[in-house]
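Read off the chains here:
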Amino acid sequence: MRYEQYLKAGSLDEAGQYAPPDEKSGAKAPDGKIHVTFASNRYMEILYYTDAAMLTPLSTSECYLNPGDTIYAKLEEYDNSNSNLYRLAEYRFRSYDADGSIQNEYVREATSDVLAYTIPADFTGTELSVLPVGEYADAELSVSAYYVDDSGTEHALGNAGTWYINDTELQTSTAQVSPIEPYVLEFHYDTENYFYVQSEPDCFTKDPSSTGTVEFWEVQPTNAGTVYRVELHPYLTLSLRCNEKTQIKVGQGEAISVKKNGIWNGKNLRYGDIITIETQGECSIAGGDYQHIHAVKDPITDGYRYTLTVVQEPESNTADDLILTIDVDRVFDVELDTNCDYGSCTYKIDGKEVSGALQLQEGQKLTLTYKIEQDNYVFAEKAEGIGGFVGGLVAPSQRTVEIPVTADLDGTVIDPDDYFDIVEKESATK
């Protein structure tokens with residue numbers, strides 16, 4: 001580049017060697033002692049000036065300056081199809097010896113679009129070059145795995161698997177990568193407890209659930225700040241009860257024989273699975289995720305064929321719809337609160353003491369026993385609360401109520417104080 005500049009400036013002799021203009025016949029000596037050349041960058045347009053106001057431009061084809069002079073560089077614009085990923089990184093100021101070899105190099109980081117560089121006062125060389133250097137800024141990607149419960153709420157699955165970039169394990173949920181160099185991103189997940197639902201963006205792997213690996217397409221240069229998400233879901237379960245000997249199979253698997261009145265338990269069901277039941281009797285759903293079941297019943301020789309399909313979207317009225325095809329022992333999610341305002345309480349299901357979050361089957365017997373432990377409070381004459389009835393009076397300070405297990409309890413927290421009318425003793429005697 002310097003040779004071409006010298007040639008255009010007429011600074012070469014007949015042998016092609018550099019000769020200062022003042023040594024050539026009729027040539028005017030330059031004003032400065034240092035010949036400054038400027039490297040070009042095809043992705044950036046940079047202009048150079050002699051003043052901070054940037055009113056007096058420098059000639060990049062023939063420039064001579066002195067020690068102590070200042071060069072002002074200004075980035076005008078980018079000329080890059082990926083300019084959103086490309087940026088001016090630094091300027092390099094190089095001095096050369098008489099043989100054209102680099103003598104010294106001074107690097108200045110480009111923290112803004114304007115840079116000022118002052119040639120050192122003790123600069124003794126005669127050649128100085130200015131090189132603007134650009135770079136592609138790293139893109140940040142983030143990764144996550146999650147599942148969606150039946151209410152539509154997302155839950156993070158931080159321990160459900162491991163992410164890899166080019167076979168290197170990611171230690172955090174974010175990573176810095178080059179936006180112009182392709183990479184392969186993979187997610188290896190726990191197939192013992194989860195099945196694959198979908199990913200954002202779409203993955204390359206045709207059947208992630210069979211391999212436990214989700215592989216994404218190589219990144220394109222315009223993809224900056226990419227977010228990768230994988231939706232998994234815990235396996236679904238289903239229990240079936242038939243009153244006659246039954247053949248049950250999942251998908252194309254082998255049929256399993258279930259004896260009369262026996263229970264079949266399906267533990268690793270996924271969306272899209274089809275369960276086929278052939279029996280001479282009647283079949284019912286005894287438990288599990290029946291909210292995700294669509295059922296069809298067809299007559300066959302000597303009985304019926306039930307076709308149950310595992311669907312993704314749960315329906316609140318699924319049980320009512322299924323009952324038209326197959327009986328359902330409905331299950332409700334209930335939380336039992338033992339925080340009593342006036343004493344303590346206990347819950348029992350079918351005579352067995354229980355607590356916390358439970359799944360209750362329709363028709364079970366839930367009893368709540370409340371014991372008042374504050375001396376100035378008693379049960380009112382009519383002690384029933386919002387539901388149930390008084391099952392017995394054990395002592396003046398303790399009573400029991402039976403709460404029907406119905407769909408009204410699904411998704412609720414039972415507050416024991418709602419089921420009893422408790423008053424102060426003075427109020428009870430009036």
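Higher on the page you've got the structure.
Below is a short write-up of the structure. (Residues numbered from 1 in each chain as written. Predicted model: local features only at pLDDT ≥ 70, side-chain atom pairs only at ≥ 80, totals over all residues. Heavy atoms only, no water.)

1. Regarding the pairing of strand β19 (residues 246–250)
Selection criterion: We call two strands paired when DSSP finds no fewer than two bridges between them. Here a strand is any run of E in DSSP of at least two residues, a helix any run of H or I of at least four, and the numbering for each starts at the N terminus.
Both β19 and strand β20 (residues 256–258) contribute to a ladder of three bridges, which runs antiparallel. Bridged to Q247 within β20 is S257. Between β19 and β20, which follow one another and run antiparallel, lie five residues, and G251 among them has a positive phi close to 60°.

2. With respect to the packing of aromatic side chains
Heads up, the rule is: Aromatic pairing here means that ring centres of Phe, Tyr or Trp (its six-membered ring) are within 6.5 Å. Orientation follows from the plane angle: under 30 degrees is stacked, over 60 is edge-to-face, and everything else is tilted. When accessible area is computed with a 1.4 Å probe and restricted to protein chains, residues below 20% of their type maximum are described as buried, those above 50% as exposed, and intermediate ones as partly exposed. Distance and angle both matter: a charge sits over a ring if NZ of Lys or CZ of Arg is within 6 Å of the ring centre and within 35 degrees of the ring normal.
Taken as a whole, this structure holds 17 aromatic pairs when the rule is applied. Measuring from centroid to centroid gives 6.2 Å for Y78 and Y86, while their planes differ by 90°, and the two rings are edge-to-face. Taking 6.3 Å as the distance between ring centres and 25° as the angle between the ring planes, the aromatic pair formed by F187 and Y189 counts as stacked. Both residues of the pair, F187 and Y189, belong to the buried class. Site record: aromatic cluster; members linked through ring pairs are W163, F187, Y189, F216 and Y228. For R229, the ring lying beneath its charged end belongs to Y146, and the centroid distance is 4.2 Å. Between the NZ or CZ atom of K297 and the centre of the ring of Y304, over which it lies, the distance is 4.2 Å.

3. Here's the deal with the pattern of salt bridges
Oppositely charged side chains are able to pair whenever their charged atoms sit close together. What counts, and what does not: Throughout this description, the term salt bridge denotes a Lys or Arg side-chain nitrogen within 4 Å of a carboxyl oxygen of Asp or Glu.
In the structure shown here, the tally under the stated rule is nine salt bridges. With its nearest N and O atoms 3.0 Å apart, the salt bridge here joins E282 to K297. Here E282 is found in the loop between β22 (274–279) and β23 (283–288), whereas its partner K297 is found in strand β24 (residues 293–300), with 15 residues between them in sequence. Classification of K297 by relative accessible area gives partly exposed; the value is 28%. Through salt bridges with shared partners, a single network forms among E154, E200 and R229.

4. Quick notes on unusual backbone geometry
Here the bond from E200 into P201 is cis, since omega is -10°, no more than 30 degrees from zero. Residue placement: P201 occurs in the loop between β15 (194–200) and α2 (208–211). Look at M54: it is not a glycine, yet its phi comes out positive at around 55°. Checked against the element boundaries, M54 lands in the loop between β2 (44–49) and β3 (63–65). The backbone of N166 sits at a positive phi, close to 50°, despite the residue not being glycine. With respect to the helices and strands, N166 occurs in the loop between β11 (161–165) and β12 (168–169). Given a relative accessible area of 42%, N166 falls into the partly exposed group.

5. Focus: the environment of S178
What counts here: Contacts are residue-level and defined by heavy atoms, with any inter-residue pair within 4.5 Å sufficient.
By the secondary structure assignment, S178 is in the loop between β13 (174–177) and β14 (185–189). A C-alpha to C-alpha distance of 9.5 Å links S178 and L85, two positions 93 residues apart in sequence. Residues in contact with S178, not counting those within four places in the same chain, are D138 and Y183.

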